[in-house]
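Each chain is listed here by its residues.
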Amino acid sequence: MTFDAIVIGGGVVGLSTAWRLVEGGLKRVMLLEANLLASGGTGLGTGSVHTQRWQKTDTSLIGRSKRLMQEITDRSGGVFRLYPVGRLTLVGKGDVGTVLAYGDYLREAGLDAVELPPDRLTDRFPGLNVSDVGIGLYTKDDGTVYPSALIWAMAGLFRNAGGTIWEGCRASRIVFDGHRTTGVELANGDVVESARVVLASGVWTRKILESSGLGLALKHAVTHNTVVTVGRQDLWSQVPSLLDGVQGVIAIPRNPGTIMASNTAGEYGSDPETAETVLKTAHVEIRKNGTFADETALQQGQVLAQLRHRYRDYDIRSVVGHWAGLLDGTPDSNPYVGPYPGIDGLWVGCGLTGYGVQRGPGVGETLANFAMQQPLAVDVDTYSLDRFAPDLEFEIDMSGDNPFVGFQHEGARA
Ligand SMILES: Cc1cc2nc3c(=O)[nH]c(=O)nc-3n(C[C@H](O)[C@H](O)[C@H](O)COP(=O)(O)OP(=O)(O)OC[C@H]3O[C@@H](n4cnc5c(N)ncnc54)[C@H](O)[C@@H]3O)c2cc1C
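Source: prediction; values computed, not measured. (Residues numbered from 1 in each chain as written. Predicted model: local features only at pLDDT ≥ 70, side-chain atom pairs only at ≥ 80, totals over all residues. Heavy atoms only, no water.)

Below, the discussion takes up the packing of aromatic side chains. As enumerated under the stated definition, the model contains four aromatic pairs in all. Look at tryptophan 54 and tyrosine 102: their rings are 3.8 Å apart centre to centre, the planes differ by 15°, and that puts the pair in the stacked class. Of this pair, tryptophan 54 sits in the loop between strand 3 (48–49) and helix 3 (56–75) while tyrosine 102 is found in helix 4 (residues 96–108), placing the two residues 48 residues apart along the sequence. In this structure tyrosine 102 comes out as buried when scored by relative accessible area, which is 2%. For the pair phenylalanine 125 and tyrosine 138, a centre-to-centre distance of 5.7 Å together with 80° between the ring planes defines the contact as edge-to-face. Of this pair, phenylalanine 125 sits in the loop between helix 5 (118–124) and strand 6 (135–139) while tyrosine 138 sits in strand 6; the two residues are 13 residues apart in sequence, bridging distant segments of the chain. (Phe/Tyr/Trp six-rings, centres within 6.5 Å; stacked < 30°, edge-to-face > 60°. Helix = DSSP H or I, 4+ residues; strand = E, 2+ residues; numbered from the N terminus. Buried < 20%, exposed > 50% of the residue type's maximum accessible area, 1.4 Å probe, protein only.)

Shown next, in the form of structure tokens:
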């Protein structure tokens, strides 16, 4: 079996790469997925899509992603869409200058960003407690998506254009002839041939590279998603996607009437399989006993208090649910996007931390452009793979490029 390109990983990066490859004119494109489509980080992602990022490359990638998402919406009859709840960043008095500069930066990038001092915040969101807020920044065109719907809509577009998807097919290693990529070996020993391979396997990317005799400085961290309900039904449309930089919490209204708050537990490592086992055990424990592990319960208590403080008049009820997943991170919290150094025909896209759904389609398009030797829509030089030694030891910092004071303390980030 020979293909024009093979993509490993059925998450947002892999699916969008595969889709853009067939749209770009490649006839025989194979996507290999070890489990089911969207069974990795993408299916567990909360789904916030917002343009409030600090790096120029990210701003461009998210811009591209939003354009591609609109195309997917149009072509999938609206099965997938972005729900524009808006993104609101709140910071304390000490961070006002930072937010004013941030607003200027976003507007220069062509985004509709508006600063909201406390009195205007109260006009716009009367039920919010802004007593400890210095200023807010609002981007009304941002919102939330169902990441799995994005995957399934792209899978449909990919397959309709002639692409091949093999679920339940684990890639065990990439095969080379010297420094030239020649294909992918599956778990049963079969080799699927191609001179182009794109590796988009999220937290498992390092493992696949190591089985292939290569390396990459990549680690995972566990992120929890705590779900609470909002009692005041008349205020359901008044819950923005919130980055509360005063308290250090991220809270997303993916489904109206609920708020999902993320925080990273601080457990990280480089063996995703061990972490997956720990997560599965935790989920079984929750289902059986209806209780959460001590550490998680503690975090949920903290999240609940933070939400009740901020959403003062919304009648925030107690925690109704929880799930957790793995994020992949790099030494500088920026992704890897581009060719694997010294190897022809191998490109990698991973390390998207807690912001992979919103950047994924842009990253996938970029990887497809690399693989087809077409001009890049986004300059991703700063995300090259050769910026760190593959065996570099590091700890993931999930606060990433987030400079607000509330995010400087332990355990408040995602
Ligand atoms: C709780 C949580 C909340 C999040 N919230 C947000 C958010 O609000 N907004 C946002 O933008 N991002 C969010 N994220 C992050 C986002 O979900 C991820 O960054 C993104 O989905 C990663 O996509 P990916 O395609 O790189 O990896 P994945 O989605 O993990 O896909 C990798 C795929 O590769 C497959 N695979 C692994 N090994 C092999 C192999 N050997 N052979 C074949 N296939 C293999 C896996 O099964 C998997 O399906 C969140 C993540 C979590 C966990």
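To continue, consider the sheet that holds strand 9 (residues 171–177). Taken in spatial order, the three strands of this open sheet run 9-10-11, and their pairing is antiparallel. Either end of the sheet is taken by a strand with one partner, and the two such strands are strand 9 and strand 11 (191–193). Neighbour to neighbour, the strand axes of the sheet diverge by 30° on average, direction disregarded. Of the strand pairs in this sheet, strand 10 (residues 180–186) and strand 11 are connected by three bridges, and their pairing is antiparallel. Bridge pairing in strand 11 links valine 184 to valine 192. (Pairing = 2+ DSSP bridges. Axes fitted to C-alpha atoms, helices over the stretch in contact; angles between N-to-C directions.)

A separate point is the site of the ligand. Around the ligand, the surrounding shell holds 39 residues, and the nearest of these are Glu33, Gly41, Thr42, Ser48 and Ala171. At 2.6 Å from an oxygen atom of the ligand is found a side-chain nitrogen or oxygen belonging to glutamate 33. In the environment of the ligand, a nitrogen atom lies 3.0 Å from a nitrogen or oxygen atom belonging to the backbone of threonine 46. Isolated, the ligand exposes 1,000 Å² of accessible area, and the fraction of that covered by the protein chains is 97%. Elements with a minimum of two residues in the shell around the ligand: helix 1 (12–23), helix 2 (41–44), strand 17 (316–329) and helix 10 (356–371). Residue classes in the shell around the ligand are distributed as 17 nonpolar, 20 polar and two charged. Two domains each donate at least three residues to the shell around the ligand, and these are domain 1 (5–76 + 147–218 + 331–387) and domain 2 (87–143 + 220–329 + 400–407). (Near = heavy atom within 4 Å. Polar contact = N/O pair within 3.5 Å; in protein donor to acceptor, adjacent residues only side chain to side chain. Areas by Shrake-Rupley, 256 points an atom, 1.4 Å probe, with all protein chains shown as cover. Nonpolar A, V, L, I, M, F, W, Y, C, P; charged D, E, K, R; others polar. Domains from an automatic or database assignment.)

As summarised here, the arrangement of the six strands in space is 8-2-1-12-19-18, forming an open sheet in which the pairing is mixed. A single partner strand is all that each edge strand has here, and the edge strands are strand 8 (164–166) and strand 18 (336–339). Neighbour to neighbour, the strand axes of the sheet diverge by 15° on average, direction disregarded. Sheet topology places strand 1 (residues 5–8) next to strand 2 (residues 29–32); four bridges connect them, and they run parallel. Across the sheet, isoleucine 6 pairs through a bridge with methionine 30, a residue of strand 2. Docked against the sheet, helix 10 engages strand 12 (197–199), strand 18 and strand 19 (346–350), running at close to 10° with respect to strand 18. (Contact = heavy atoms within 4.5 Å.)

We now examine the side chain of glutamine 358. Within the fold, glutamine 358 resides in helix 10. For glutamine 358, a relative accessible area of 1% translates into the label buried. Among the polar contacts made by the side chain of glutamine 358, one reaches the main-chain carbonyl oxygen of serine 48 at a distance of 2.9 Å. What glutamine 358 contacts, discounting residues up to four positions off in sequence, is Ser48, Val49, His50, Arg53, Ile62, Ser65 and Met69.

Just geometry here; none of it tells us what the structure is for.
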